[in-house]
Amino acid sequence: MSEARARLLRAATRLFYAEGLHAVGVDRVIAEAQVTRATLYRHFPSKDDLLVAYLTEVDESFRARVAEVRAAESSSARSIQEIGRTIASDIRTSGFRGCAFLNAAAEYPDPEHPVHRAVLAHRQWFLETMVDLFSGTGKIDPEPAARHFVMMRDGAMSAGCLTAPEPLCETFLRGVEGLLTFRSREAAGS
């Protein structure tokens, strides 16, 4: 990646996350990155391309963090717990403004728009990852458990910028523990 492209992505990531995708124009990104308009358009033919690149950067960063957790932990349950702690840690970060993907979906609701498709791709990967991890715990209901985890994460990420993070993170992490101990009705009946 060229230095100019890297500067553009750093500036775009900072601005889009802090201020919103529609609110930040390409002129602002150009000024922050200290590049020319021609340089921006050489790397990103349109603002939509820049937005998708921003979301791709966020996606790749989160995928790398999840891969590190999975490599470091001894079990699927411990990986799920650590992913939960990672999410809670993000919520506690100064300047936290919610989930970049949920924010982008709110600004680009058209399912055919490339930004929305990037959001859906990330969410599909995350759900599949959580299904795989819950499958590794021996649960007979890994897909509902994974969907529940993603739903709790969405709620925590949405509320995390609206209220004090500590009680919210504690509630989220207790929910994660509950998912790891919960068994479906079929298991309870057998």
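These figures come from a predicted structure and were not determined experimentally.

Draft legend 1. A look at the side chain of aspartate 141. Within the secondary structure layout, aspartate 141 lies in the loop between helix H7 (114-135) and helix H8 (142-159). Here the side chain of aspartate 141 touches lysine 139 through a polar contact of 3.4 Å, side chain to side chain.

Draft legend 2. Representation of the pattern of salt bridges. Tallying each qualifying case throughout the model produces 15 salt bridges. Where arginine 65 meets aspartate 90, a salt bridge forms, and the shortest distance between an N and an O atom there is 2.8 Å. Placement of the pair is arginine 65 in helix H4 (residues 47-72) and aspartate 90 in helix H5 (residues 76-91), with a sequence separation of 25 residues. Here arginine 65 falls in the partly exposed class, since its relative accessible area comes to 28%. Here aspartate 154 and arginine 153 are joined by a salt bridge, their closest N and O atoms 3.0 Å apart. Judged by relative accessible area, which is 15%, aspartate 154 ranks as buried.

Draft legend 3. Up close: the packing of aromatic side chains. By the definition in use, this model includes seven aromatic pairs. Between the aromatic rings of phenylalanine 62 and phenylalanine 126, the centroid separation amounts to 5.5 Å while the plane-to-plane angle is 65°, which identifies the pairing as edge-to-face. Taken together, the positions of phenylalanine 62 in helix H4 and phenylalanine 126 in helix H7 put the pair 64 residues apart, joining distant regions of the chain. According to the relative accessible area criterion, phenylalanine 62 is buried, its value standing at 12%. Look at phenylalanine 126 and you get buried, because its relative accessible area is 3%. An aromatic cluster is defined as three or more aromatic residues linked by ring pairs; in this entry it consists of Phe62, Trp125, Phe126, Phe134, Phe149 and Phe172.

Here is what the cut-offs are and how they apply
- Residues numbered from 1 in each chain as written.
- Predicted model: local features only at pLDDT ≥ 70, side-chain atom pairs only at ≥ 80, totals over all residues.
- Heavy atoms only, no water.
- Helix = DSSP H or I, 4+ residues; strand = E, 2+ residues; numbered from the N terminus.
- Polar contact = N/O pair within 3.5 Å; in protein donor to acceptor, adjacent residues only side chain to side chain.
- Salt bridge = Lys/Arg side-chain N within 4 Å of Asp/Glu carboxyl O.
- Buried < 20%, exposed > 50% of the residue type's maximum accessible area, 1.4 Å probe, protein only.
- Phe/Tyr/Trp six-rings, centres within 6.5 Å; stacked < 30°, edge-to-face > 60°.

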